[in-house]
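Observations on chain architecture
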Amino acid sequence: MKTETPATARGAVAGFLENPVIGMAPWIIFSLLVGPGRFEIAVVLALAATVVLVAAGRIVNRGSTWKLLEIADLVFFTVMAVIGAFASDGTRRWLETYAGEVSNIALFLIAFGSMAVRMPFTLQYAREQVDPAYWHTPTFLRTNYLITGVWGLAFLVAAVAGAYGDLVLHNPNNIWTGWIIQILAIVAALRFTAWYPDVARARALRAAGRPGPEPPHLAGMFLPLAGLLVPIGIAVLIFDDNVWWLGVVLIVGGGMLTRALTARN
């Protein structure tokens, strides 16, 4: 049986930590967990995840530089923890209701703010995985702008959905605004992050007249989202009796769409 050498294992861990999705993990944890009665646990887990990931990054890759997202993680969740520790009951209730939207809007601003200063936050992660010769190529830069923008939009969608549940429906735990829409937005961003770089590389090779694989089909982008429709439909049947019929539609439609996209992919 083959086992990884320490150097290989270390490289695998370093590659894992150099993924921008890992830098956003604390924000995803916080935005999905926070709610009435859950602010303390959400902020503790998000801050703990931040400290662990930052420390691991420094230990595994001693040459790694501080990244904008790492600094934002530490500052935001430390401030949230301090405010939560000393807040009055009224402030704590406000945080339990709206901190999810605050964190989503904060990451939206970080994403588009980093692009405004020509340093999309995914660029710092990508440069640690790509030869410096490619750092200033149009394909590399455009890919990072697009991925950063997609993440910013995903968190904006999550913020709007959460705000609608809180301010209009007066129900922070609404299954649609508090969970389904936000999870779908994050999964879509995750999938785009994995799918688009292969598309960009294939297109760049073709434009340069060099041999290479076909660009991945668009069906591959949406296949995981279609697969989510079935469990979402089951959740609707369990938690929302008022629209049981929609649960059935999602289950049937999700299965059919998954098969169709699989055939195209």
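Residues numbered from 1 in each chain as written. Predicted model: local features only at pLDDT ≥ 70, side-chain atom pairs only at ≥ 80, totals over all residues. Heavy atoms only, no water.

Following both chains from N to C, one finds helix H7 (residues 138-168) and helix H8 (residues 175-207) inclined at 170°, their axes separated by 9 Å at the closest point. If you check the angle between H7 and H8, you find them roughly antiparallel. Split by residue class, the contact of H7 with H8 holds 19 nonpolar, 7 polar and 1 charged. (Axes fitted to C-alpha atoms, helices over the stretch in contact; angles between N-to-C directions. Helix = DSSP H or I, 4+ residues; strand = E, 2+ residues; numbered from the N terminus. Parallel < 35°, antiparallel > 145°, perpendicular 65-115°, else oblique. Nonpolar A, V, L, I, M, F, W, Y, C, P; charged D, E, K, R; others polar.)

For the largest pocket, the calculated volume is near 720 Å³. Considering the residues around the largest pocket, the lining is formed by 24 residues, among which Val 130, Phe 140, Thr 143, Pro 197 and Arg 201 are closest to the centre. Every element with two or more residues in the lining of the largest pocket is listed here: helix H6 (121-127), H7 and H8. By residue number, the principal contributor to the lining of the largest pocket is H8, which donates 8 residues. Residues that form the lining of the largest pocket fall into these classes: 13 nonpolar, 8 polar and 3 charged. (1 Å grid on protein atoms, 1.4 Å probe; cavity = no way out; pocket = protein on both sides within 12 Å on 5 of 7 lines; lining within 4 Å. Points joined across faces, edges and corners; volume = space filled by probe spheres on them.)

The next subject is the packing of aromatic side chains. What the rule picks out here adds up to 12 aromatic pairs. Each ring, one from Phe 30 and one from Phe 39, has its centre 6.2 Å from the other, and the planes form 80°; the classification is edge-to-face. For Phe 39, a relative accessible area of 1% corresponds to the buried category. With a centroid separation of 5.3 Å and an interplanar angle of 45°, the aromatic rings of Trp 94 and Tyr 98 are classed as tilted. Separated by 4 residues within a single helix, Trp 94 and Tyr 98 lie in helix H5 (residues 89-116), roughly one turn from each other. On the accessibility criterion, Tyr 98 (23% relative accessible area) is partly exposed. Arg 58 extends its terminal NZ or CZ atom over the ring of Trp 66, reaching a point 5.0 Å from the ring centre. Above the ring of Tyr 125, the side-chain terminus of Lys 67 is found at 5.2 Å from the ring centroid. (Phe/Tyr/Trp six-rings, centres within 6.5 Å; stacked < 30°, edge-to-face > 60°. Buried < 20%, exposed > 50% of the residue type's maximum accessible area, 1.4 Å probe, protein only. Lys NZ or Arg CZ within 6 Å of the ring centre and 35° of its normal.)

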